[in-house]
Amino acid sequence: MAIYKLKEFKIKWGMVIDLDKCTGCGACMISCQAENNMAPMPDATDKLYSMTWMLVYRLSNGKPFPDHDIAYLPRPCVQCGNPNCVPVCPVIATTKDEEGGIVSQISPRCIGCRYCMAACPYRARYFNWHDPVWPQGMEKTLTPFTSTRPRGVVEKCHYCHHRFKAAKEKARYDGRDPNKLDEDDYTTACAQNCPTGAITFGDLMNPEHKVAKLAKSPYAFRLLERLGTDPQLYYMSKREWVRRQGDNYLEHEPTKGV
Amino acid sequence: MAKKKKSYLLLPFVVGFIGALVFGWGLFPKMLFSEKQQPFWFSHISHVEVVGMDCYDCHYYYEDGSFSGIPTTEECSACHMDVMFDDPDEIIFVEQYVWEEKEVPWLIYQKQPDNVYFSHIAHEMYDCQTCHPAVETAEAWPKYYENRLTKYSRDTMKMWECERCHAETGTSNACYVCHK
């Protein structure tokens, strides 16, 4: 399937998002923007130009009342095991080579060709159409942990990678192995701020982490799994119609899961 | 006759070559870098040998594992609330920074760009002088050169230097190991 040799990782940071718990409040989107130094958009309603590494989609089962049902689907970067964006990058600005399996994006190296955006089936990548401008006083909200991006480069969710580094530093200070982090050591801003606890974050390869168990749940599914991208982001829902919308099914095909 | 002509033909090339060398090695670096002065002299020797302080009294790790770097004016003013030794540099520090409650704008020889992440605690096994100038034994500040175009210090470690050491020690050179 893969056109180049995939790296094997001992640690795979991943997420399980329980769509039955998600209320669509958007706290994950806001905390992501605050955490990762995103400037306020000139027009945030224009979804062609707005920057939302984490984006909440609204799903509907399409039935009329009283059978109508909706679900909300938060979508950060799914951190594919076999990312489409990586082999198309002409300048190696995006790679999947660090232990933990997070797909990196180095904005000073990016030339803004947007091949990766065309390649990504999840639309998880965003292009800086505008110079980031912070209104006077608002620049005080900038954090030193994430570097700001200029106009003309692509950016994307990196599972709050700076928190991963901070967790490793803390582990070193405490005399622990930085490659054996606990579940509480490292979490993303969206998972931390989700009021209903719909987002669980951890190491998919470590059986002691909650995500490893949840990802094996019969209700778990991944977005467009049959493309072979092998994402590190799992969703779960007990509602069959929600799981069915996670992939392209033919009419006669049964939905994956229970 | 023919010999003489040949040497005249070569002359402009020799002059041009020497001129290019003088410009490239002598003039251009001077044009590119401007020499900057530190705000005032700080003696590590007098703090360590005379007062008997330890390096870790000022340069320590926080509990989250991050490095404190250069002490703040508040930390220094634990001792330097007032001028103690009548030293001209100490007078500058106390009058202009402690009493004004301002941070000293030290010029940092190894200041890295914003998108570079460096963990001091991950490099604990190395001597400080592997990357930093040996200021703890210096009698005067090492010269600080600022690149006029990029505004970075000339001595800031370049990416290939980081990568070479990582390659030699078998450490990962993945982008996200050092970038953010």
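Scoring rules and cut-offs
Residues numbered from 1 in each chain as written. Chains lettered and ligands numbered in written order. Predicted model: local features only at pLDDT ≥ 70, side-chain atom pairs only at ≥ 80, totals over all residues. Heavy atoms only, no water. Helix = DSSP H or I, 4+ residues; strand = E, 2+ residues; numbered from the N terminus. Rg over C-alpha atoms; globule rule 2.2 N^0.38 Å. Buried < 20%, exposed > 50% of the residue type's maximum accessible area, 1.4 Å probe, protein only. Contact = heavy atoms within 4.5 Å. Areas by Shrake-Rupley, 256 points an atom, 1.4 Å probe, with all protein chains shown as cover. Lys, Arg positive; Asp, Glu negative; His and termini not counted. Charge placed at Lys NZ, Arg CZ, Asp CG, Glu CD. Buried area = accessible area lost by both parts, 1.4 Å probe. Polar contact = N/O pair within 3.5 Å; in protein donor to acceptor, adjacent residues only side chain to side chain. Nonpolar A, V, L, I, M, F, W, Y, C, P; charged D, E, K, R; others polar. pLDDT = per-residue confidence, 0-100. Patch = residues over 30% accessible without salt bridge, like charges linked within 9 Å, V, L, I, M, F, W, Y side chains within 5 Å. Salt bridge = Lys/Arg side-chain N within 4 Å of Asp/Glu carboxyl O. Arc of directions from axis to C-beta.

This part is about the overall build of chain B. When its secondary structure is counted, chain B shows 7 helices and 2 strands. Moving toward the C terminus, one meets the helices and strands of chain B in the order α-β-α-α-α-α-β-α-α. Its C-alpha radius of gyration of 23 Å places chain B more than 25% over the 16 Å reference for a compact globule of 180 residues. Counting only residues that meet the buried cut, chain B has 23% of its 180 residues in that class. Counting contacts in chain B only where the partners sit at least 6 residues apart, residues at least 24 apart contribute 62% of the total. Working note: accessible area of chain B is about 13000 Å², and carbon and sulfur atoms make up 63% of it. The centroid of the 15 positive side-chain charges in chain B is displaced by 29 Å from the centroid of its 27 negative side-chain charges.

What follows deals with the interface of chain B and chain A. Taken together, the contact between chain B and chain A spans 21 residues of the former and 22 residues of the latter. Buried area between chain B and chain A, summed over both chains or domains, comes out near 1800 Å², and the portion from carbon and sulfur atoms is 58%. At the junction of chain B and chain A, the tally comes to 8 residue pairs in polar contact (both at pLDDT 80 or more). Broken down by element, the residue count for the side of chain B that touches chain A peaks at 4 residues, all from helix α7 (residues 175-178) of chain B. When the residues that make up the side of chain B that touches chain A are grouped by side-chain class, the tally is 11 nonpolar, 6 polar and 4 charged.

All names here are of chain B. Residues with a pLDDT of 70 or more make up 96% of chain B, whose mean pLDDT is 91. Mean pLDDT in chain B bottoms out at helix α1 (residues 2-32), which sits at 85, and peaks at helix α6 (residues 159-168), which reaches 95. Predicted as a complex, the structure gets a pTM of 0.88 and an ipTM equal to 0.84.

A grouping of E74, E75, E101 and E103 of chain B is seen on the molecular surface, where their side chains present a negatively charged patch. As for its position among the elements, E101 of chain B is in the loop between α5 (88-98) and β2 (144-147).

What follows concerns α5 of chain B. Residue and element names in this part refer to chain B. Taken residue by residue, α5 has D89, E90, F93, V94, Y97 and V98 as its buried positions. Angularly, the buried residues of α5 cover 130° about the axis, an arc narrow enough to put them on a single face. Here the buried face of α5 lies against α4 (73-76). Measuring from the side-chain oxygen of the N-cap residue of α5 to the backbone nitrogen of D89 gives 2.9 Å; that N-cap residue is D87.

Here we come to the pattern of salt bridges. All names here are of chain A. This structure, assessed with the given rule, holds 17 salt bridges over all chains. For R149, the salt bridge is made with E155, and the minimal N-O distance between the two is 2.8 Å. When sorted by exposure, R149 lands in the same class as E155, which is buried. Between E225 and R222 there is a salt bridge; the shortest N-O distance is 3.3 Å. We classify E225 as partly exposed; its relative accessible area is 22%. Among the ionic contacts, a cluster of salt bridges with common partners joins K170, D174, R176 and D185.

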